[in-house]
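Structural characterization, general
Chain by chain, the residues:
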Amino acid sequence: MRPVHLPVSVLEHFYRGGAAIAELRGGPPRCERSPEEWLGSVTTRFGASTDGLSRLPGGTLLRDAVAADPQAWLGPEHRERLGDETALLVKLIDAGERLPVHLHPDRGFAQRHLSCRHGKTEAWMVLDAEPGTTAHVGFSRPVGRGELADLVARQDTDGLLARMHEFTLHPGDAVLVPAGLPHALGAGAFVAEVQEPTDFSILLDWQGFAVDGPVEGHLGLGFDVALEAVRRDALPRSEAEELVRRSALDAPAADRPRALLPAAAAPYFRAELLRPARGLPVPQGFAALLVLDGRGTLRPRTGADVALRRGDALVLPHAAGPHTLNGDLRALLFRPPGPDHGTGSPTP
């Protein structure tokens, strides 16, 4: 097996954006509401049968390829800890407008109410941001259950945002967003998002967006239940600031992958910067790779080098690795949780 280049696959959504993805990845013309591309995805959009699934060259779904040969794609150690799933989802998100205030359930809520062992902790690698772009993450003071329900019922967006921490985003930043925290990515942000492999979102704000919030905003649970997933206590400013790593993607060249996120991300996923000073070893195991700029080559364990250039997105099967990265380039490597973390029953 060899590393596989992913064809461009754009998702339309209820919010505007997509120009930054087109500039990085190319691909066919798209409408003004094409703000996402899901990379290396075996996860479907909530309630859909195939929307969101990545296809390999030739049209085969990555989900089907992994299911047909999990040993080759994932490897024995991964299967023992995480089962026969990739346990990873990566997206490109181009926010042409501020996203709604929303949140994602944690694993406990997902197990109780959605029969899923994954919640949706996520993290953003800020690829670009217009001057003054911000993000809101977490409540800065406690918000009562009735108070929150009233804000949602009245669609008081200003009231929600006023109760949240706001951060200015800069190109190169990395931001961890734990499940349960309300958040809103600001207009002008272009991010690579790594997350748990679900599409669980609870909307607190939908006014002015092309979405039916009262119907689609609560995962089919009703808001009385869905709002139980919200972390309503005050997130101390010091803890909020620890979620943000400034200029993480701008680190100098090195001889090994450089971790981009706080240790709190480790049970959910790994995100690393690859910027080779010379031959940089890329660990064996299932992963998604995104080339941010430059050109280079990826040398698999056997066979010819794989050429890389800006905008390329690849999936790396376990059986193809380990690899060595060479060239004048900068790339992001996204991997499932590390060896100290598991998310479910091992493969029988």
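Keep in mind that this is a model prediction, so the values were computed, not measured. Within each chain, residues carry numbers counting from 1 in the order of the written sequence. In view of the model being predicted, local features appear only for residues whose pLDDT reaches at least 70, and side-chain atom pairs are presented and counted only at 80 or more, with totals across whole chains, interfaces and linings using the full set of residues. Calculated side-chain values reflect all of the structure's heavy atoms, with hydrogen atoms and water omitted.

1. Section: the overall build of the chain
What counts, and what does not: Under the scheme used here, helices are H or I runs from DSSP no shorter than 4 residues and strands are E runs no shorter than 2 residues, and both carry numbers assigned from the N terminus. Categorising residues by exposure relies on relative accessible area from a 1.4 Å probe, with only protein chains included: less than 20% of the type maximum marks a residue as buried, more than 50% marks it as exposed, and the intermediate range marks it as partly exposed. Contact between two residues is taken to exist if any of their heavy atoms lie within 4.5 Å; hydrogens are not considered. Note on areas: these come from Shrake-Rupley sampling with a 1.4 Å probe, and a residue is covered only by the protein chains present in the view. For the purpose of charge, His is not counted, nor are the chain termini; Lys and Arg are scored as positive and Asp and Glu as negative. To locate a charge, take atom NZ for lysine, CZ for arginine, CG for aspartate or CD for glutamate.
In terms of helices and strands, the chain carries ten helices and 20 strands. By its C-alpha atoms, the chain is 60 × 50 × 40 Å across when sized along the principal axes. Out of the 348 residues in the chain, the part that is buried amounts to 56%. Counting contacts in the chain only where the partners sit at least 6 residues apart, residues at least 24 apart contribute 74% of the total. Total accessible area on the chain stands at roughly 13,800 Å², and carbon and sulfur atoms take up 49% of it. Counting 37 positive and 44 negative side-chain charges, the chain places the centres of these two groups 5 Å from one another.

2. Some remarks on the pairing of strand β18 (residues 306-309)
If a strand is regular, its side chains alternate between the two faces of the sheet. Condition: For two strands to be treated as a pair, DSSP must find at least two bridges joining them.
Of the two faces of β18, the one holding V306 and L308 is buried and the one holding A307 and R309 is not buried anywhere. Between the end of strand β17 (residues 287-299) and the start of β18, which pair antiparallel, lie six residues, with G303 showing a positive phi angle near 95°.

3. A word on the side chain of E196
Put simply, the rule is: The definition of a polar contact used here is a pair of N or O atoms within 3.5 Å, where within protein one atom must be able to donate a hydrogen and the other to accept one, and adjacent residues in sequence count solely through side-chain atom pairs.
With respect to the secondary-structure elements, E196 resides in the loop between β11 (189-195) and β12 (202-203). A polar contact of 3.2 Å, which involves the side chain of E196, links it to the backbone nitrogen of G119.

4. Digging into the sheet that holds strand β13 (residues 244-245)
With respect to topology, seven strands assemble into an open sheet ordered β2-β3-β4-β11-β6-β9-β13, the strand pairing being antiparallel. A strand with exactly one partner marks an edge of an open sheet, and here the two such strands are β2 (10-11) and β13. Inspection of the sheet shows strand β6 (residues 122-129) paired to β11 by seven bridges, in the antiparallel sense. From the neighbouring strand, D128 faces β11, where its bridge partner is F190.

5. A short note on the layout of surface pockets
Using the following cut-off: The method works on a 1 Å grid over the protein atoms by themselves. A cavity is a set of points holding a 1.4 Å probe that cannot get out, a pocket is an open set with protein on both sides within 12 Å along at least five of seven lines, and residues with an atom within 4 Å of a point line them. Grid points are joined across faces, edges and corners, and a volume is the space filled by probe spheres set on the points. Under the scheme applied, nonpolar residues are Ala, Val, Leu, Ile, Met, Phe, Trp, Tyr, Cys and Pro; charged residues are Asp, Glu, Lys and Arg; polar residues are all the others, including Gly.
Volume-wise, the largest pocket comes out at about 540 Å³. Together, 26 residues line the largest pocket, and H13, F14, D199, S201 and L203 are the ones closest to its centre. Those elements that provide at least two residues to the lining of the largest pocket are β3 (36-39), β4 (89-94), β6 and β10 (183-185). Taken together, the residues of the lining of the largest pocket sort by class into 13 nonpolar, five polar and eight charged.

6. Some remarks on the pairing of strand β20 (residues 323-335)
The pairing of strand β15 (residues 270-274) with β20 spans five bridges and is antiparallel. Each bridged residue has a counterpart across the sheet, and for L274 the counterpart in β20 is A331. Bridge count between strand β16 (residues 280-282) and β20: three bridges; the pairing is antiparallel. When the bridges of β20 are listed, P281 appears paired with T324.

7. Comments concerning the nonpolar core
Formally: Residues belong to one nonpolar core when they are buried, are Ala, Val, Leu, Ile, Met, Phe, Trp, Tyr or Cys, and are joined through side-chain atoms within 4.5 Å. Segmentation into domains, and thus their bounds, comes from an automatic or database assignment.
Formed by 90 residues in total, the largest nonpolar core has its most connected members in W73, M125, L127, V194, L261, L332 and F334. With six residues, the single largest contributor to this core is β6. Counting contributing residues per domain, this core is built from domain 1 (4-245) and domain 2 (258-335), each supplying no fewer than three. Residue contacts for F334: discarding those within four places in its chain leaves L88, V90, M125, A192, V194, R270, A271, A287 and A288. Ranked by size, the runner-up nonpolar core spans 15 residues in total, among them L298, L308, L314 and L325.

8. Things to note about the domain arrangement of the chain
Put simply, the test is: Values labelled buried area give the accessible surface lost by two parts on being combined, using a 1.4 Å probe and summing over both. By convention in these notes, a salt bridge is any Lys or Arg side-chain nitrogen within 4 Å of a carboxyl oxygen on Asp or Glu.
Looking at the assigned domains, one finds that the chain contains domain 1 (4-245) and domain 2 (258-335). Across the contact, 35 residues belong to domain 1 and 30 residues belong to domain 2. For domain 1, the biggest contributors to the area lost against domain 2 are H5, L24 and W73; these three give 20% of the whole. Between the two partners, domain 1 and domain 2, sit one salt bridge. Of the charged contacts in the structure, one is a salt bridge between E23 and R310, with a shortest N-O distance of 2.9 Å. On inspection of domain 1 and its partner domain 2, the count reaches eleven residue pairs in polar contact (both at pLDDT 80 or more). Looking at the side of domain 1 that touches domain 2 residue by residue, the class counts come to 21 nonpolar, seven polar and seven charged.

9. Focus on the pattern of salt bridges
Per the stated rule, a full pass over the model turns up 25 salt bridges. Here D64 and R63 are joined by a salt bridge, their closest N and O atoms 3.7 Å apart.

10. Examining unusual backbone geometry
In this chain, G321 is followed by P322 through a cis amide linkage whose omega measures 0°. Among the structural elements, P322 can be located in the loop between β19 (313-316) and β20. A positive phi is found at S115, a non-glycine position, where the angle reads about 50°. Among the structural elements, S115 can be located in the loop between α5 (107-114) and β6. One non-glycine residue, L219, lies in positive phi territory at about 60°. Tracing the backbone shows L219 in the loop between α8 (213-216) and α9 (223-226).

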